[in-house]
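Working through the structure, step by step
Listed below, chain by chain, are the residues.
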There are 2 protein chains.
Amino acid sequence: MEALLEHIAKSISLDATESDFILSCFKPIQVKKKTILLEEGQICNTQYFIVKGCLRLYIINDKGAEQTLQFGIENWWITDHMSLQTQNPTHFYIQAVEHSEVLAIDQKTFDDLLRKLPKMERYFRLMLQKSYAASQMRIKYLYTQSAEERYRHFNHLQPEFVQRVTQYMLASYLDFSAEFMSKIRAGLERK
Amino acid sequence: MEALLEHIAKSISLDATESDFILSCFKPIQVKKKTILLEEGQICNTQYFIVKGCLRLYIINDKGAEQTLQFGIENWWITDHMSLQTQNPTHFYIQAVEHSEVLAIDQKTFDDLLRKLPKMERYFRLMLQKSYAASQMRIKYLYTQSAEERYRHFNHLQPEFVQRVTQYMLASYLDFSAEFMSKIRAGLERK
């Protein structure tokens, strides 16, 4: 659970009592590969901090195909913020891509944590700012890059990550067909 | 400037001294229609709270066409978070769609405000949570909805707003051609 404290310590300083209190708010979970932590129709009530492994957020589209919208790896947070805030049923699935270790905090405990330790507002504000900045860029790329450009860009930013997920997941995340993905990979490998 | 205080009061309570201090951090600006507040290549250094009017965030794509990625109306915040955080040049433009009244806060003053009045962390955390939730949904719609579905959805959620922007801006925001937009409008008007 030290991973979370180290991550928080980059934004705010904590004494031992505060650290203990924070950890007491989280439930460590070992999540086997392919385990689903949230599924369409449920009310999302939990935020996950990824200590180890990889999770993804996806939807099942009209054609019945999985469409990955987001990946989360070590030190990232993942949840459906809309369902969490509105308490309306989620449209999303959250699933472990690899065997993962996560820290889960439910919404009631989250509110409690912030009420009792308001300095944590800063940590979460900074995290959300980063996430939101990334999603502004993501939307830009979805509008402007071709599938191939998206792949090269993603591969450049996250070269190791590309090896951790299936071609199918990455193809849906980057919004192109698995066939095109195979072509690109074959092309790059030849260089 | 009361609009901002009212907006903040929905999340946290403020006394008169705190309210005065907050207002002292913002610079009210009257922005004429089409004025550009941020342009590609600049370092984004300012967050804007919209008191009245409408702003948009857009890019100029490879073909030289404007592509609107985001609109902001009354009580919304707008900025390029990535450039603001990294202090790298922005890819975006921010422009007034209508004559607008905005409150501007530069990054140094923003940091100062949060240092001196840490309870404001909560307000900004909540705002970012909403913005991020909206962008998660936005990305979902970009992947799953057809142009026509996006238009109907947007028109349903923001019927008055649709009247405030040009067809050209809305068409680029919803990622379809102005021709298709005209067709849809004509179709709806006939019903």
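For the structure, see preceding data.
The structure reproduced in this document is the subject of the present report. (Residues numbered from 1 in each chain as written. Chains lettered and ligands numbered in written order. Predicted model: local features only at pLDDT ≥ 70, side-chain atom pairs only at ≥ 80, totals over all residues. Heavy atoms only, no water.)

**Concerning the overall build of chain A**
The test is simple: Only DSSP runs of H or I covering at least 4 residues are called helices, and only runs of E covering at least 2 are called strands; the numbering of each starts at the N terminus. When we talk radius of gyration, it's over C-alpha atoms, and the globule rule is simply 2.2 Å times the number of residues to the 0.38. Buried residues are those whose accessible area, probed at 1.4 Å on protein chains only, stays under 20% of the maximum for their type, while exposed residues exceed 50% and partly exposed ones sit between those limits. For the accessible areas, the method is Shrake-Rupley and the probe is 1.4 Å, while residue cover comes only from the protein chains on display. Within this scheme the basic residues Lys and Arg register as positive and the acidic residues Asp and Glu register as negative, but His and the chain ends are omitted. Where a charge sits is defined by one atom per residue type, namely NZ (Lys), CZ (Arg), CG (Asp) or CD (Glu).
Within chain A, the secondary structure is distributed over nine helices and eight strands. The globule rule puts the C-alpha radius of gyration for 191 residues at 16 Å, and the 18 Å found for chain A is close to it. Expressed as a percentage of its 191 residues, the buried residues of chain A come to 51%. Total accessible area computed for chain A in this model is approximately 9,300 Å², and 51% of it derives from carbon and sulfur atoms. Each charge class in chain A can be summarised by its mean position, and for the 24 positive and 23 negative side chains these summaries are 5 Å apart.

**Re the sheet that holds strand β1 (residues 27–31) of chain B**
All names here are of chain B. Put simply, the test is: Strand pairing is defined by DSSP finding a minimum of two bridges between the two strands. Throughout, a residue-residue contact means that at least one pair of heavy atoms, one from each residue, lies within 4.5 Å. Here the axes come from fitting lines to C-alpha atoms, over the contacting stretch only for helices, and the angles between their N-to-C directions go from 0 to 180 degrees.
Pairing is antiparallel in the open sheet, where four strands are placed in the order β1-β8-β3-β6. Only two strands of the sheet have a single neighbouring strand rather than two, namely β1 and β6 (77–78). Bridge analysis of β1 against strand β8 (residues 100–106) gives five bridges, and the strand direction is antiparallel. Within β8, the position partnered with lysine 27 by the bridge is alanine 104. Sitting on the sheet, helix α1 (residues 2–9) touches β3 (46–52), β6 and β8, and the angle it makes with β3 is about 100 degrees.

**What to know about helix α2 (residues 16–24) of chain A**
Residues and elements named next belong to chain A. To keep things clear, this is the line we draw: Comment: arc refers to directions from the helix axis out to C-beta atoms. Under this definition, polar contacts are N or O atom pairs within 3.5 Å; protein pairs additionally need one hydrogen-donor-capable and one acceptor-capable atom, and for neighbouring residues in sequence, both atoms have to be side-chain atoms.
Taken together, the buried positions of α2 are occupied by Glu18, Ser19, Ile22 and Leu23. Take α2 and look down its axis: the buried residues cluster within an arc of 135 degrees, on one side only. Counted as exposed and oriented over 90 degrees from the buried face of α2: Ala16, Thr17, Asp20 and Ser24. The inward-facing, buried residues of α2 contact α1 (2–9), α4 (107–116) and α5 (120–144). Where α2 begins, one side-chain oxygen reaches toward the backbone nitrogen of threonine 17, 3.1 Å away; that side chain belongs to aspartate 15.

**What about the side chain of B:Gln107?**
The residue B:Gln107 is located in helix α4 (residues 107–116) in this model. Those residues in contact with B:Gln107 that sit more than four places away from it in its chain are B:Asn45, B:Gln47 and B:Leu84.

**Comments concerning the environment of A:Ala134**
Among the structural elements, A:Ala134 can be located in helix α5. Between the C-alpha atom of A:Ala134 and that of A:Asn88, which follows or precedes it by 46 residues, the distance is 25 Å.

**What to know about the interface of chain B and chain A**
For clarity, the cut-off: Reported buried area values correspond to the accessible surface (1.4 Å probe) lost by two parts on association, with both partners' losses combined. For this document, the term salt bridge refers to a Lys or Arg side-chain nitrogen within 4 Å of an Asp or Glu carboxyl oxygen.
Contact residues are listed per partner, giving 39 residues for chain B and 39 residues for chain A. With both sides pooled, the region where chain B packs onto chain A buries about 3,700 Å², and carbon together with sulfur makes up 65% of that total. Together, B:Arg125, B:Tyr132 and B:Tyr143 form the three largest contributors to the area buried by chain B at its contact with chain A, with a combined 21%. Taken together, the connections running from chain B to chain A amount to four salt bridges. Across the pair B:Arg122 and A:Glu121 runs a salt bridge whose closest N-O atoms are separated by 2.8 Å. Counting every contact that joins chain B to chain A gives 21 residue pairs in polar contact (both at pLDDT 80 or more).

**Overview of the pattern of salt bridges**
Residues and elements named next belong to chain A. For the coordinates displayed, the defined rule picks out 18 salt bridges over all chains. Arginine 56 is the salt-bridge partner of glutamate 66, the closest N and O atoms lying 2.6 Å from each other. With glutamate 66 in strand β5 (residues 66–72) and arginine 56 in strand β4 (residues 55–60), the pair connects residues that are ten residues apart, well separated along the chain. On the accessibility criterion, glutamate 66 (26% relative accessible area) is partly exposed. Through salt bridges with shared partners, one network takes in Glu74, Glu98 and Arg164.

**What to know about unusual backbone geometry**
Residue and element names in this part refer to chain B. Here lysine 34, not a glycine, exhibits a phi torsion of approximately 80 degrees, which is positive. In this fold, lysine 34 is placed in the loop between β1 and β2 (36–38). Judged by its relative accessible area of 59%, lysine 34 falls in the exposed class. The residue asparagine 75 is not glycine, and still its phi comes out positive at about 70 degrees. Positionally, asparagine 75 belongs in the loop between β5 (66–72) and β6. For asparagine 75, a relative accessible area of 28% corresponds to the partly exposed category.

**Here's the deal with the relation of the copies chain B and chain A**
Put simply, the two copies of the chain differ by a rotation about an axis and a shift along that axis. Which entries qualify depends on this criterion: Least-squares fitting of one copy onto the other uses the C-alpha atoms of those residues that reach a pLDDT of at least 70 in both copies.
Mapping chain B onto chain A leaves a residual RMSD of 0.0 Å; the transformation is a rotation of 180 degrees accompanied by 0.0 Å of translation along its axis. With respect to symmetry, the two chain copies, as superposed, fit the operation of a two-fold axis. Taking C-alpha positions as reference, the residue of chain B nearest the rotation axis is B:Arg125, located at 2.1 Å. Taken together, the interface assignments show that 100% of the residues at the interface of chain B recur at the interface of chain A, consistent with an identical surface on both copies.

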